[in-house]
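Listed below are the residues making up each chain.
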Amino acid sequence: MPHSGNTPRPERDHLDPSTLCARPAGLPPSATQPLVPPLQLSSVYSVAGLEQIDALYERREQGFIYARDGHPNASQLAAKIAALEGAEAGLVCASGMAAEAALFLTLLGQGAHVALSEGLYGKTVALVGRELARFGISHSLFDAARPESLRAVVTPATRVVFAETLSNPLLRLADIAGLAEVSRVASATLVIDHTFAPLLCFPLALGADVVAHSATKLIGGHSDLTLGLAAGPSELIARTAATASTFGLSGNPFESWLALRGMATLSLRSSRACATALKLAERLAGDRRVRTAHYPGLVAHPDHVRAAHWLKGGFGTIVTIDLEDRQRADLFIRALQHIPFAPSLADVATTLSHPASTSHRNQSPEQWARQGITPGLVRLSVGLEDPDDLWADIDQALPP
Ligand SMILES: Cc1ncc(COP(=O)(O)O)c(C=O)c1O
């Protein structure tokens with residue numbers, strides 16, 4: 001309201017401009033609610049008094065205090081991933097690796113043993129084999145498609161069994177139900193990294209204890225955020241949330257907000273990209289310029305029968321091809337006009353990566369050999385373009 005010269009100035013108008021500027025604007029009164037989740041960037045919340053702060057810390061009252069411990073955008077995203085995975089609770093972390101680190105740091109102690117499946121994302125192997133090893137944690141490898149290979153490596157010290165639904169880059173499908181059975185007998189927690197296959201199956205329903213995602217990939221879906229998710233039993237997720245806060249692994253509001261927005265179209269993006277990936281895989285498998293095409297939707301894939309039985313709505317959005325050697329892979333990468341070499345995956349646009357020089361760069365030749373990784377492998381992450389337009393670019397770029 002404008003100020004009239006004759007009436008005494010209300011106290012508010014006497015405030016120094018610096019005070020006026022510094023004080024936070026209150027929320028505007030509104031009888032209506034926003035239709036979409038508001039972005040709430042506040043790193044801290046104001047508390048009514050000591051009664052309330054006690055009640056908040058003791059969880060007698062619901063509310064936020066400090067964003068590293070929780071904020072509305074993370075709570076909304078956590079609730080969404082929990083509902084999707086059929087879990088009691090969900091958690092948002094700063095990246096897929098942060099979610100994995102938070103789980104490992106919660107579940108493991110000195111002297112513990114981890115069973116890791118072959119062919120995991122390279123940084124997961126480095127996290128356990130290099131970083132956690134410094135704290136007295138050992139690990140063994142097993143083949144996620146053969147639960148009997150897990151049975152052979154579990155020990156009384158095994159606390160965590162970790163596998164990816166679809167391995168990177170050869171897309172081997174884990175026998176989650178079989179791994180769950182062995183893990184249960186061994187009293188170990190089965191963690192499934194479900195980054196490559198959200199919606200295609202539901203690991204908790206197959207017997208896994210916890211699901212982890214790099215939401216940087218399909219869930220975000222636009223290559224514009226970095227975030228990780230975990231979903232599982234309330235008690236474990238609460239302990240993992242405490243670990244994440246203490247180690248500073250929590251996710252921030254803006255990226256949580258973006259990921260929640262990405263999830264709205266996840267189903268459409270996934271089914272479209274899966275359908276295109278199958279078409280491209282079939283063409284690539286039948287092309288004499290390609291030594292091998294790896295895709296679970298192909299009859300020749302070693303896990304095709306299980307994939308056809310378990311995966312609903314497609315066989316995934318990743319197709320990996322073997323072009324024989326590094327030189328031919330490089331020729332292909334440089335000849336493509338519209339598919340960029342961008343070492344991530346699951347964007348709306350198709351991208352490609354070269355596992356030997358990116359995700360699996362720091363692994364030894366023995367590790368490569370065990371996983372079937374060669375310098376000729378190129379991993380395509382299929383997006384939402386027209387399949388014929390994609391094929392036209394691939395076709396002109398494949399070296400003769
Ligand atoms: C299967 C898988 N898990 C975990 C991660 C790590 O996720 P982030 O990059 O969000 O830390 C990645 C990253 O590429 C991945 O491919």
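Residues numbered from 1 in each chain as written. Predicted model: local features only at pLDDT ≥ 70, side-chain atom pairs only at ≥ 80, totals over all residues. Heavy atoms only, no water.

Novice: Describe the side chain of Thr124, naming the residues involved and giving the relevant values.
Specialist: Checked against the element boundaries, Thr124 lands in helix H5 (residues 122-131). Polar side-chain contacts of Thr124 include one of 2.8 Å to the side chain of Glu100. Setting aside its immediate chain neighbours within four residues, Thr124 contacts Met97, Glu100 and Phe162. (Helix = DSSP H or I, 4+ residues; strand = E, 2+ residues; numbered from the N terminus. Polar contact = N/O pair within 3.5 Å; in protein donor to acceptor, adjacent residues only side chain to side chain. Contact = heavy atoms within 4.5 Å.)

Novice: Talk me through the nonpolar core; I want residue IDs and the actual numbers.
Specialist: Side chains of a nonpolar character, in soluble globular proteins, are inclined to be buried together. Phe142, Leu284, Ile321, Phe332, Ile394 and Leu398 are the most contacted members of the largest nonpolar core, which totals 77 residues. Looking at this core, the element that brings in the most residues is helix H10 (residues 266-285), giving 6 residues. Shared between two domains, this core holds at least three residues of each, these being domain 1 (71-263) and domain 2 (266-397). Setting aside chain neighbours within four positions, we find Phe332 in contact with Ile321, Leu323, Leu352, Val378, Ile394, Ala397, Leu398 and Pro399. Formed by 30 residues, the second largest nonpolar core is a distinct cluster that contains Cys93, Val210, Ala212 and Ala230. (Core = buried A, V, L, I, M, F, W, Y, C linked by side-chain atoms within 4.5 Å. Buried < 20%, exposed > 50% of the residue type's maximum accessible area, 1.4 Å probe, protein only. Domains from an automatic or database assignment.)

Novice: Outline the environment of Gln40, listing residues and values.
Specialist: Along the chain, Gln40 falls in the loop between helix H1 (17-22) and helix H2 (50-57). Residue Gln40 is classed as partly exposed on the basis of its relative accessible area of 30%. A sequence separation of 27 residues divides Gln40 from Ala67, and the C-alpha atoms of the two residues are 9.9 Å apart. Once you skip the residues sitting within four places of it in the chain, Gln40 turns out to touch Tyr45, Pro72, Asn73 and Pro253.

Novice: Got a sec to walk through the confidence of the model for the protein? Specific residues and values, please.
Specialist: Overall, the predicted model of the protein reaches an average pLDDT of 95, with 97% of residues at or above 70. Across the protein, the secondary-structure element scoring lowest on mean pLDDT is helix H13 (residues 365-371), at 85, and the one scoring highest is strand S7 (residues 228-232), at 99. Throughout residues 1-5 the model reports pLDDT below 50, and contacts reaching past four residues in sequence, or to other chains, amount to 4 contacts. (pLDDT = per-residue confidence, 0-100.)

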